[in-house]
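Each chain is listed here by its residues.
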Amino acid sequence: MCGILTAIGNHNKKTFEKALCKLSHRGPDAMGIWGEKDVLMGHTRLAIIDLDERSNQPMVDERYALVFNGEIYNFEELKREYALTCKTTSDTEVLIKLYETLGHAMLSHLNGMFAFCLYDRLNDELFMARDRFGKKPLYFSQSKGLIVASEIKAVLELLGTTPAMNKEGFRDYFAFQSTVPPYTFFEGIHKLEAGMYATFSKGTFTCKRYYEVGEKALLHVSEKEALENIEALLLDSVQKRLVGDVEVASLLSGGIDSSLVSAIYAKASGKKINTFSIGYDEHLHYDELTQAKEASVYIGSQHHELRINKRTYIDTIENTLAHLDEPMGDTACMPTYLLSRMVHQSGIKVCLSGEGSDEIFLGYDNYFEMAKYYQMHSELSAPSKMLLKNYLERNPNWSRNWESLRRISANEHPFYSGGETFTKRQFDALCGEETKDVRTSVAIDKNPFLWMSTIDFKIWVAEVLMSKIDRMSMAHSLELRAPFLDYRLMDYCLALPPSLRAGDTNKYLLKQIAQKYIPSSIIERKKKGFSSPFIEWLYAEYGDEILKLMLHVSHHSGLFDASFVTFLYHEGKEGRFKQHVWSLYLFCRWYNQFYL
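Only a predicted model underlies this, so the values are computations on that prediction, with no experimental measurement involved.

Q: Would you mind showing me how to read the packing of helix H1 (residues 13-21) against helix H4 (residues 152-159) here?
A: Each packed pair of helices is defined by two parameters, the angle between the axes and the distance between the axes. Axis separation between H1 and H4 bottoms out at 8 Å; the angle between their running directions is 160 degrees. Classified by the interaxial angle, the pair formed by H1 and H4 is roughly antiparallel. Between H1 and H4 lies a crossing of right-handed hand. Contacts from Thr15, Phe16, Lys18 and Ala19 of H1 reach H4 at Ala154, Glu157 and Leu158.

Next comes the structure, spelled out in structure tokens:
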């Protein structure tokens, strides 16, 4: 894991170095800058594979210069398959050699998480790419030549000014808890979408897709065969994510996902692994330390616990905003930040985590609730849909159920990302005017489970979950690896027949595999998610100051309707619209800092 920065055009080297220093937390082990003509490339290194300084970056040979953030888990296999001759034992050099052999087509052969810039010195062309699921970020701007970076803060430093707020990013955030590519909150600063690459040559910037989620043909396999293949892929995925020359630990919540990953790791390594968990000193219905301890005892890990209080949580909000650069509504940012700090302080650089399992194996109750609306849509005749639509228009309310019914009556998808917060109607009320709907119109097909997983991978996973774990872990120079997010495992599972993948319970297939590795008490435990007492602590700490801030931003920006802001504040106090209040509060805190 590292920080990368590339600038093409008339950029001052001292300013470039200052911008690169903004990424030092991502790579404290080494910092390097290389320049030629009007190209500057910089890198901050977190050394994990080939710790020798010969693998520091930028890595430059006679023709290519590369800055790379991430890990290529199959780099040794690629080296053998294509007979690549390398001077180092790093995955970085393999990228250069593979590009020499395959060009842009190399991307489909990479198994890992990555964002990189590769400069062809002979042809004066820059090639950049982001991994399939957006595990590693890549931002760019053409407002001043071309700037490409791991984080927005480095781009802002090189621009030397704060751009105006981007309205598309603003709308995306309130809909989905995050901006969605190509937009960010800053006008003229974009992010490359997961599964895409771009080239910059002779002043022309071109983006192309090399990977699409859920595009594989439907498989016709028995349940027994599916279980065998999934288990083999998962075992291999965990094994691949142990690559490196440093110790690997595991995050452990006590749920099925992290417990299974940790158990497989412990069994594969044959050693006492380190596991880490976080909990709270009050509102204990959010706490999972007891369950995590049970899992750690079963797998025999060296377990470490962190219990936090309101003061610690509240004090962390500002730090998370600083590392995110723009609002992102996942309330698990604070516990992830604090747990990552604890792991870092233990001297560990790499941790496994359980992200991706819910989206692949249908772990959310909401998937099955939404499936009922899809079923209703398929059964309702056109006249019945019209009657339902007319009834809903005469009897509006703010509930999610009302919105889901409205959507199926209008032949719209009832589900549009697990992180969906403000519906268009709610956002119109918040802004006090008619707004553009950010949800694109897509025809409803016969496989709603595939749609739900696919749209979640595009928005919720790539732009919320991955942004969270990258920024919060890299704030403490920690690399998080997610074995469930191996593209081979994901491709296989999403191509299974819908009835087989869904089964008759959440994580139907995964639970059967897990029986070999962890006890039933963990497998059948009701999912909590990485939840926290965020709204309880927010109101306890700030009270009416929350409303005061939101009305202050509303008044000075003209963005919001004060009466609806006040309505949301009072609803949040009663435990309703909690995510809406949090998203609005976080935005107002950020906007007040950047623009008022």
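Q: For this particular structure, what's the right way to read the layout of surface pockets?
A: Rolled over the atoms, a probe sized like a water molecule indicates the empty space that remains. Of the pockets and cavities examined, the second largest pocket occupies roughly 540 Å³. Elements supplying a minimum of two residues to the lining of the second largest pocket: helix H5 (167-176) and helix H16 (448-474). Counting residues per element, the lining of the second largest pocket draws most heavily on H16, which supplies six residues. Per-class residue counts for the lining of the second largest pocket are 13 nonpolar, four polar and eight charged. Taken domain by domain, the lining of the second largest pocket gets at least three of its residues from each of domain 1 (4-209) and domain 3 (365-423 + 435-449).

Q: What's the story with the pattern of salt bridges in this structure? I'm lost.
A: Opposite charge on two side chains allows them to pair when their charged atoms are near. Overall, the coordinates contain 49 salt bridges when judged by the stated rule. Between glutamate 231 and lysine 516 there is a salt bridge, with the nearest N and O atoms lying 2.8 Å from each other. Taken together, the residues glutamate 231 in helix H6 (residues 223-240) and lysine 516 in the loop between helix H19 (508-514) and helix H20 (520-523) connect sequence positions 285 residues apart. The exposure class assigned to glutamate 231 is buried, which follows from its relative accessible area of 13%.

Q: Sorry if this is basic, but what is going on with empty space enclosed by the protein here?
A: If you walk through the whole model with that rule in mind, you get nine cavities of 30 Å³ or more. In this structure, the largest cavity spans a volume of roughly 120 Å³. Elements represented by at least two residues in the lining of the largest cavity include exactly strand E3 (39-45), strand E5 (64-72) and helix H3 (91-102). Residue contributions to the lining of the largest cavity peak at three residues, all from E5. Class assignment for the residues of the lining of the largest cavity results in seven nonpolar, six polar and three charged. Along the walls of the second largest cavity sit Arg132, Phe133, Glu193, Ala194, Arg209, Tyr211, Glu212, Val213, Phe457, Lys458 and Ala462, which together make up its complete lining. Within the lining of the second largest cavity, the residues separate by chemical class into six nonpolar, no polar and five charged.

Q: Please clarify how the side chain of lysine 385 should be interpreted in this entry.
A: Summarising the element assignment, lysine 385 is placed in helix H13 (residues 382-394). Of the side chains bearing the opposite charge, glutamate 379 lies closest to the buried lysine 385, which forms no salt bridge; the N-O distance is 11 Å. Side-chain polar atoms of lysine 385 contact the side chain of histidine 377, separated by 3.2 Å. Those residues in contact with lysine 385, other than ones at most four positions away along the chain, are His377, Leu380, Ile408, Ser409 and Asn411.

Q: I would appreciate a short explanation of the environment of leucine 405 in the present structure.
A: Tracing the backbone through its elements, the reader meets leucine 405 in helix H14 (residues 400-409). Judged by relative accessible area, leucine 405 falls into the buried class, the value being 16%. For leucine 405 and leucine 392, which are 13 residues apart along the polypeptide, the C-alpha to C-alpha distance reads 8.0 Å. Leucine 405 has contacts with Tyr373, Met376, Leu388 and Leu392, leaving out every residue within four places of it along the chain.

Q: Hey, could you run me through the nonpolar core in this one?
A: Soluble globular proteins: nonpolar side chains tend toward being buried together. Grouped together as the largest cluster of nonpolar side chains are 162 residues, with contacts concentrated most on Phe116, Phe560 and Phe587. The dominant element in this core, judged by the number of residues it contributes, is H16, at 10 residues. For phenylalanine 560, the contacting residues outside a window of four places in its chain are Phe170, Phe174, Leu430, Cys431, Val553, Ser554, Val565, Leu584, Phe587 and Cys588. Judged by nonpolar contacts, the second largest core, of 22 residues, contains Tyr374, Phe449, Trp451 and Ala502.

Q: Teacher, can you tell me more about the UniProt feature "active site" (unreviewed entry) in the protein chain here?
A: Those places that UniProt annotates as "active site" (unreviewed entry) correspond, in this numbering, to Cys2. Here cysteine 2 shows up in strand E1 (residues 2-8). Exposure remark for cysteine 2: the relative accessible area of 5% places this residue in the buried category. Contact partners of cysteine 2, with chain neighbours within four places excluded, come to Arg26, His43, Thr44, Arg45, Leu46, Phe68, Asn69, Ser150 and Met474.

How each quantity is defined
All residue numbers refer to positions counted from 1 along the written sequence of the respective chain. Local features in this predicted model are restricted to residues of pLDDT 70 or higher, and side-chain atom pairs are both shown and tallied only at a pLDDT of 80 or more, whereas totals for entire chains, interfaces and linings draw on every residue. Working from all heavy atoms in the structure, the side-chain values ignore hydrogens and water. In this analysis an axis means a line fitted to C-alpha atoms, helices contributing only their contacting stretch, and an angle means the value between N-to-C directions, from 0 to 180 degrees. What counts as a helix is a DSSP run of H or I of at least four residues, what counts as a strand is a run of E of at least two, and both are numbered from the N terminus. Should an angle fall under 35 degrees it is taken as roughly parallel, and over 145 as roughly antiparallel, whereas 65 to 115 is taken as roughly perpendicular and any remaining angle as oblique. Each helix crossing is assigned a hand: it is left-handed if the near helix lies turned anticlockwise from the far helix by less than a right angle, otherwise right-handed if that turn is clockwise. In this analysis, two residues are considered to be in contact whenever any of their non-hydrogen atoms come within 4.5 Å of each other. Definitions used throughout: a 1 Å grid over protein atoms alone; a cavity as a set of points that fits a 1.4 Å probe which cannot get out; a pocket as an open set with protein on both sides within 12 Å along at least five of seven lines; a lining residue as one with an atom within 4 Å of a point. Grid points are joined across faces, edges and corners, and a volume is the space filled by probe spheres set on the points. Amino acids outside the nonpolar list (Ala, Val, Leu, Ile, Met, Phe, Trp, Tyr, Cys, Pro) and the charged list (Asp, Glu, Lys, Arg) are all regarded as polar, and Gly is one of them. Note: domain ranges come from an automatic or database domain assignment. Note on definitions: salt bridges are taken to be side-chain nitrogens of Lys or Arg within 4 Å of carboxyl oxygens of Asp or Glu. Residue burial is assigned from relative accessible area. The probe radius is 1.4 Å, only protein chains are included, and a residue is buried under 20% of its type maximum, exposed over 50%, and partly exposed in between. By the counting rule applied here, Lys and Arg register as positive and Asp and Glu as negative, while His and the ends of each chain are not counted. Each polar contact in these results corresponds to two N or O atoms within 3.5 Å; when the atoms are within protein, one needs to be able to donate a hydrogen and the other to accept it, and residues that are neighboring in sequence are counted only if both atoms are side-chain atoms. Throughout, nonpolar core names a set of buried Ala, Val, Leu, Ile, Met, Phe, Trp, Tyr and Cys residues whose side chains join them through atoms within 4.5 Å. UniProt positions are given in the numbering used here, feature names are shortened, and annotations may be inferred rather than shown by experiment.

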